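Working through the structure, step by step
Residue-level listing of the chains:
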Amino acid sequence: MYVTYKLSVLDRSRTRLHEEPSKALRDTVAFAQQVEDLGYHRFWVSEHHSVPGVAGSAPTVLAAAVAAATSRIRVGTGGVMLPNHRPLVVAEQFGVLASLFPGRIDMGLGRSVGFTDGIRRALGVEKDAMGDFEDRLAELAGWFTGAGEPTPYPGVHALPAEGLRPPLFVLANEAGADVAARAGAALVIGGLKGEGAMAAAVERYRAGFVPSAWREKPYVMVAGNVAVAETRDAARRLLVPEAWALAHSRTHGVFPPLRPAEEIEGKLIPSMSQRERGLYDAALRGHLHGTEEDVVTALGSLVARTGADEVLVTTSSYDRDALLDSYRRLATATRATALAPPASPDPAPSWP
């Protein structure tokens, strides 16, 4: 059977060793232009606060810069963390974006809060603020749709958001898939292996989906790291900087800028403690990497198993040229597979 899916990009504006955060932000905008030329469907940016290795702290501001520098690709957030903001302000921000760039803005929302007590205090939220996510999501939707009149705030309107419908996406783990279903939103869920709890959550989402002003039918986007290179070893090496940074953060409490894979493999890995090495090895698992043939086959299998409509590629690496080459190889291989005449009754994945 034919399996069709779109390819999109999430860029976290990762900083590199000895580079200013401002360069990471400018590189994000330039990267959006490059992947637009490659034919990717969406380009999303993220929200992180007080993370030395991530420059993207204001996603709607960065999304505006990306949208202004591109012309066709959809632009959005992956995501705005709703517990950190008043729903009215979020509605106003997306209303401005959707008004300036009509038909191109996606509203991706998540439930995470700052990862330390200090960050949460600075943001004015508590760790349990994630529990209010569904209520905040309903309030946000109401500012766009006018649903639930009279509102708790008589005479207040979210301008220019009121009446607009930027597509709504909920970034969710297995439990959060039910929230996305009840909200009638598209689901964004991690797990490129498409197994176990993630696959079960996708099925629950589809079964429990309630049509809404945002979407009539369920829509599933699976997200994760995909690395493509001439050899499997080279593709795996692209994943090394992010895996090391994640292991470092869990043992030192600070998420660092990315370092070259050669430095990590030659100097840092040999000096790791047993616990650090275990976390590093774990961080390298669960991703798709390999040659074009390897990855296209794996993605086709993933989409066939999960019924996903779209794949959101989230890969970061120190070597920007190699990273762009990975995205180029993925785009070219997927397009070539889609355009090739099927060798059997089972067609290949389509290019968006």
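What you see is a predicted model; the values in this text were computed from it and never measured.

Regarding the overall build of the protein chain
Helix and strand content of the protein chain: 12 helices and 11 strands. Taking 352 residues into account, the globule formula puts the C-alpha radius of gyration at 20 Å, and the protein chain, at 20 Å, falls close to it. In the protein chain, which comprises 352 residues, the proportion classed as buried is 49%. Residue pairs in contact within the protein chain that sit at least 24 positions apart in sequence constitute 75% of those at least 6 positions apart. Working note: accessible area of the protein chain is about 15600 Å², and carbon and sulfur atoms make up 54% of it.

Details of the side chain of D11
Take D11: it is sitting in strand β1 (residues 6–11). The charged side chain of D11 is buried without a salt bridge, its nearest counter-charge being R16 at 6.2 Å. One polar contact links the side chain of D11 to the main-chain amide nitrogen of S13, over a distance of 3.2 Å. A polar side-chain atom of D11 sits 2.6 Å from a polar atom in the side chain of T28.

Describing the nonpolar core
If you look at the biggest cluster of nonpolar residues, it comprises 69 residues, and the most contacted ones within it are Y40, F43, F94, L109, V222, V311 and L330. Examining the composition of this core, we find that six residues originate from one element, helix α5 (residues 133–145), more than from any other. When sequence neighbours within four positions are dropped, the list of residues in contact with F43 reads V9, D11, T28, F31, A32, V35, V66, I73, R74, V75 and G76. Judged by nonpolar contacts, the second largest core, of 21 residues, contains L239, A243, W244 and M272.

Considering the confidence of the model for the protein chain
Summing up the model confidence of the protein chain, the mean pLDDT is 90 and the portion of residues at 70 or higher is 93%. Counting interchain partners and residues more than four positions distant, the pLDDT-below-50 stretch residues 338–352 has 35 contacts.

Side note on the pairing of strand β11 (residues 310–313)
Residues E310 and L312 of β11 are buried on one face, and the alternating residues V311 and V313, pointing to the opposite face, are buried as well. Sheet analysis places β1 next to β11, joined by four bridges and oriented parallel. In the strand pairing of β11, K6 is matched with E310. When strand β8 (residues 220–224) meets β11, the two strands line up parallel, connected through four bridges. When the bridges of β11 are listed, A223 appears paired with L312.

Focus on the side chain of D106
Mapped onto the secondary structure, D106 falls in strand β5 (residues 105–110). Assessed through its relative accessible area of 0%, D106 is described here as buried. Side chain to side chain, D106 and R42 meet in a polar contact 2.9 Å long. One polar contact links D106 to R74, side chain to side chain, over a distance of 2.8 Å. Apart from residues no more than four positions distant in its own chain, D106 is found in contact with R42, W44, R74, V75, G76, T77, F94, P167 and F169.

A few points about the pattern of salt bridges
This model, assessed by the stated rule, comprises 18 salt bridges. R329 serves as the salt-bridge partner of D325, at 2.7 Å between the closest nitrogen and oxygen. With a gap of four residues between them, D325 and R329 both fall in helix α12 (residues 320–339), about one helical turn apart. R329 gets classed as partly exposed once you look at its relative accessible area, which sits at 22%. Within the structure, one salt-bridge network assembled from shared partners comprises E19, K23, D27 and R320.

Quick word on helix α1 (residues 21–38)
Under the 1.5 Å per step criterion, the end-to-end length of α1 is 26 Å for 18 residues, consistent within 8% with the ideal 26 Å. Looking at α1, one finds that the buried residues are A24, T28, V29, F31, A32, V35, E36 and L38. Directly after α1, the chain includes G39, whose backbone phi takes a positive value near 95°.

Digging into unusual backbone geometry
A cis amide bond, omega 0°, links G78 with the succeeding residue G79. Its location among the elements puts G79 in the loop between β3 (74–77) and β4 (80–81). In this model, L159 is joined to P160 through a cis peptide bond whose omega is 5°. Here P160 shows up in the loop between α5 and β6 (168–172). A positive phi is found at S13, a non-glycine position, where the angle reads about 55°. Note that S13 resides in the loop between β1 and α1. Relative accessible area serves as the criterion here: at 1%, S13 is assigned to the buried category. Positive phi outside glycine occurs at H18, with the angle close to 70°. Tracing the backbone through its elements, the reader meets H18 in the loop between β1 and α1.

Rules of the game
- Residues numbered from 1 in each chain as written.
- Predicted model: local features only at pLDDT ≥ 70, side-chain atom pairs only at ≥ 80, totals over all residues.
- Heavy atoms only, no water.
- Helix = DSSP H or I, 4+ residues; strand = E, 2+ residues; numbered from the N terminus.
- Rg over C-alpha atoms; globule rule 2.2 N^0.38 Å.
- Buried < 20%, exposed > 50% of the residue type's maximum accessible area, 1.4 Å probe, protein only.
- Contact = heavy atoms within 4.5 Å.
- Areas by Shrake-Rupley, 256 points an atom, 1.4 Å probe, with all protein chains shown as cover.
- Lys, Arg positive; Asp, Glu negative; His and termini not counted.
- Salt bridge = Lys/Arg side-chain N within 4 Å of Asp/Glu carboxyl O.
- Polar contact = N/O pair within 3.5 Å; in protein donor to acceptor, adjacent residues only side chain to side chain.
- Core = buried A, V, L, I, M, F, W, Y, C linked by side-chain atoms within 4.5 Å.
- pLDDT = per-residue confidence, 0-100.
- Pairing = 2+ DSSP bridges.
- Expected span 1.5 Å × (residues − 1).

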